[in-house]
Amino acid sequence: MKSRPLTIFYVLICFLIIFTSVLFCINFIVKQKKDEMKNKEEIEEKNIIEYKANQTIRVRFHETDEIVAMDINDYLRGVVPAEMSPSYNIEALKAQALVARTYTYSKMKNHVEGNDADICDDFAHCQAFYTKEKLFEIWRNKGYDEKTINEYWYKVNLAVVSTQNEVIVYEGELIKAFFHASSPYRTEDISQIWGGESLPYLVSVENMEDENYENRTSIVTLKFDEFLNTLKEKNEISDKVTLDDVKNCNIYEKTISDRVKNIKIGEELVSSEKLRVIFGLKSTNFTIEKNDEEIIFHVIGYGHGVGMSQVGASTYADSGMNYKEIINHYYQGVEIVRLDD
């Protein structure tokens, strides 16, 4: 018969073995969970940084006329921050990614660059585009530190990947995804400019914007003779128009959104959109002031005013709207669909 101390000893040994085994199992499970979480985080990071859409786009660089084939996600990563400040709310950046993708596929579908390229990097013809290296150079030149630059790049990647394959359609067709920088108070109805085309999803809508936006207001001042001669050189007015006619010019007609549609100089009308392009007015939402020698344009907003306002998108995002709600506000009656559906 075993002594009592020996029995207790065996019990303690068994307890220690069981306790050690349980502890080992717990540690193993915890380590496994940590490894799974780490792997998941690495996968998510890889998805954000390296995800490929398996879609190649051919981009023409207008300065060199070189055509470069690249993944469409890499292209969109270069478009979104070239067109919208990465400091904007992430939901606004997602909306910009969605608009840019829709615009891109529409351009590709219509072969706007001919057979050699799908799209170009000229913002005046297609969309602005910068490589990652160029973006980082631009941000460094603006004085941003490396932490901020990396945060911006992460936001851009997140905006592109989280809207992966999503486009905007109206009655099953890709929309004309126009956008602009700023249009305080209201956006413009497309029927009011560019030849009067009417599209049910590009109508004037109420717009809320941050009043601290640096380009919310601007002024352009021109000498009367400079204004007159330039319009004649551009064949926007005839040689019959005189300096006195310019001094007496006025706003003749306004658009649905209360922008200027045209001005009257003598007996001739000049489109405000032409004035915007020729004289670098930031928008067609302006008033006219004149003194003895000059005509002065007091301008509100930045851009043509059609479609999504970028400043407005970020303002609405700051107020709690997500990117889909932002899209549905600026483009009436549209649907957001996935290309793989």
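Residues numbered from 1 in each chain as written. Predicted model: local features only at pLDDT ≥ 70, side-chain atom pairs only at ≥ 80, totals over all residues. Heavy atoms only, no water.

(A) The packing of helix H6 (residues 224-233) against helix H8 (residues 272-279), seen in detail. Close contact between H6 and H8 brings their axes to 12 Å; oriented N to C, the two are set at 105 degrees. As judged from the angle between their axes, H6 and H8 are roughly perpendicular. In this structure, H6 contributes Phe227, Thr230 and Leu231 to the contact, and H8 contributes Leu275, Ile278 and Phe279. Partitioned by chemical class, the residues of the contact of H6 with H8 number five nonpolar, one polar and no charged. (Axes fitted to C-alpha atoms, helices over the stretch in contact; angles between N-to-C directions. Helix = DSSP H or I, 4+ residues; strand = E, 2+ residues; numbered from the N terminus. Parallel < 35°, antiparallel > 145°, perpendicular 65-115°, else oblique. Contact = heavy atoms within 4.5 Å. Nonpolar A, V, L, I, M, F, W, Y, C, P; charged D, E, K, R; others polar.)

(B) Layout of the environment of Phe61. In this structure, Phe61 sits in strand S1 (residues 56-61). Residue Phe61 is classed as buried on the basis of its relative accessible area of 17%. In sequence terms Phe61 and Asp122 are 61 residues apart; their C-alpha atoms lie 7.5 Å from each other. Among all residues touching Phe61, those that are not within four sequence positions of it are Glu66, Val68, Met70, Asp121 and Phe129. (Buried < 20%, exposed > 50% of the residue type's maximum accessible area, 1.4 Å probe, protein only.)

(C) Highlighting the layout of surface pockets. Here the largest pocket is characterised by a volume of approximately 1500 Å³. The wall of the largest pocket is formed by 45 residues, among which Ala82, Glu83, Ala181, Tyr302 and Gln310 lie closest to the centre. When contributions to the lining of the largest pocket are tallied by element, the ones reaching two or more residues are helix H2 (72-83), helix H4 (132-141), strand S6 (179-180), H8 and helix H9 (310-318). Top element by residues in the lining of the largest pocket is H9. It accounts for five residues. Volume-wise, the second largest pocket comes out at about 260 Å³. Across the lining of the second largest pocket, the residue classes break down as five nonpolar, three polar and four charged. (1 Å grid on protein atoms, 1.4 Å probe; cavity = no way out; pocket = protein on both sides within 12 Å on 5 of 7 lines; lining within 4 Å. Points joined across faces, edges and corners; volume = space filled by probe spheres on them.)

(D) Focus on H4. The set of residues buried in H4 consists of Leu135, Phe136 and Trp139. Along H4, the residues classed as buried sweep out an arc of 95 degrees about the axis, all on the same side. Away from the buried face of H4 by more than 90 degrees, exposed residues Glu133 and Asn141 are located. Tucked into the core, H4 has its buried residues touching H2 and helix H5 (146-162). (Arc of directions from axis to C-beta.)

(E) The arrangement of the packing of H2 against helix H3 (residues 90-109) in detail. Between H2 and H3, the least distance of the axes is 9 Å, while the angle of their chain directions is 120 degrees. Our classification of the angle between H2 and H3 gives oblique. Judged by the twist between their axes, the crossing of H2 over H3 is right-handed. Every residue of H3 that contacts H2 at Ile72, Tyr75, Leu76, Val79, Val80 and Glu83 is listed here: Leu93, Gln96, Ala97, Ala100, Arg101, Thr104, Tyr105 and Met108. Grouping the amino acids of the contact of H2 with H3 by side-chain chemistry returns 10 nonpolar, two polar and two charged. (Left-handed = near helix turned anticlockwise from the far one by under 90°.)

(F) Main features of the pairing of strand S10 (residues 250-254). Where S10 and strand S11 (residues 260-265) come together, four bridges link them in antiparallel fashion. Considered in S11, the bridge of Asn250 is made with Lys264. Hairpin connection between S10 and S11: a loop of five residues separates the two successive antiparallel strands, and Asp258 in this loop has a positive phi of roughly 75 degrees. (Pairing = 2+ DSSP bridges.)

(G) Main features of the pattern of salt bridges. Scanning the model with the defined rule gives 14 salt bridges in all. Where Arg140 meets Glu146, a salt bridge forms, and the shortest distance between an N and an O atom there is 2.8 Å. In this structure, Arg276 engages Glu273 in a salt bridge whose closest nitrogen and oxygen atoms are separated by 2.6 Å. Of this pair, Arg276 and Glu273 both sit in helix H8, separated by three residues, roughly a single helical turn. A single burial state applies to Arg276 and to Glu273, both of which are buried. (Salt bridge = Lys/Arg side-chain N within 4 Å of Asp/Glu carboxyl O.)

(H) Fine view of the side chain of Arg216. Considering the arrangement of structural elements, one finds Arg216 in the loop between strand S8 (206-207) and strand S9 (217-223). Beyond its immediate chain neighbours, meaning those up to four positions away, Arg216 contacts Pro184, Tyr185, Glu209, Asp210, Glu211, Val299, Ile300 and Gly301.

(I) Expanded view of helix H10 (residues 323-330). Among the residues of H10, those classed as buried are Tyr323, Ile326, Ile327 and Tyr330. Viewed end-on, H10 has its buried residues packed into an arc of 100 degrees, placing them on one side of the element. N-cap assignment for H10: the residue whose side-chain oxygen lies 3.0 Å from the backbone N of Lys324 is Asn322. (Polar contact = N/O pair within 3.5 Å; in protein donor to acceptor, adjacent residues only side chain to side chain.)

(J) Molecular detail of the packing of aromatic side chains. Under the counting rule described, the total for this entry stands at 12 aromatic pairs. Pairing Tyr144 with Tyr152 gives two aromatic rings, centres 5.3 Å apart and planes at 80 degrees, and the pair type is edge-to-face. Taking the relative accessible area as the measure of exposure, Tyr144 reaches 30% and is therefore partly exposed. Here Tyr152 falls in the buried class, since its relative accessible area comes to 12%. (Phe/Tyr/Trp six-rings, centres within 6.5 Å; stacked < 30°, edge-to-face > 60°.)

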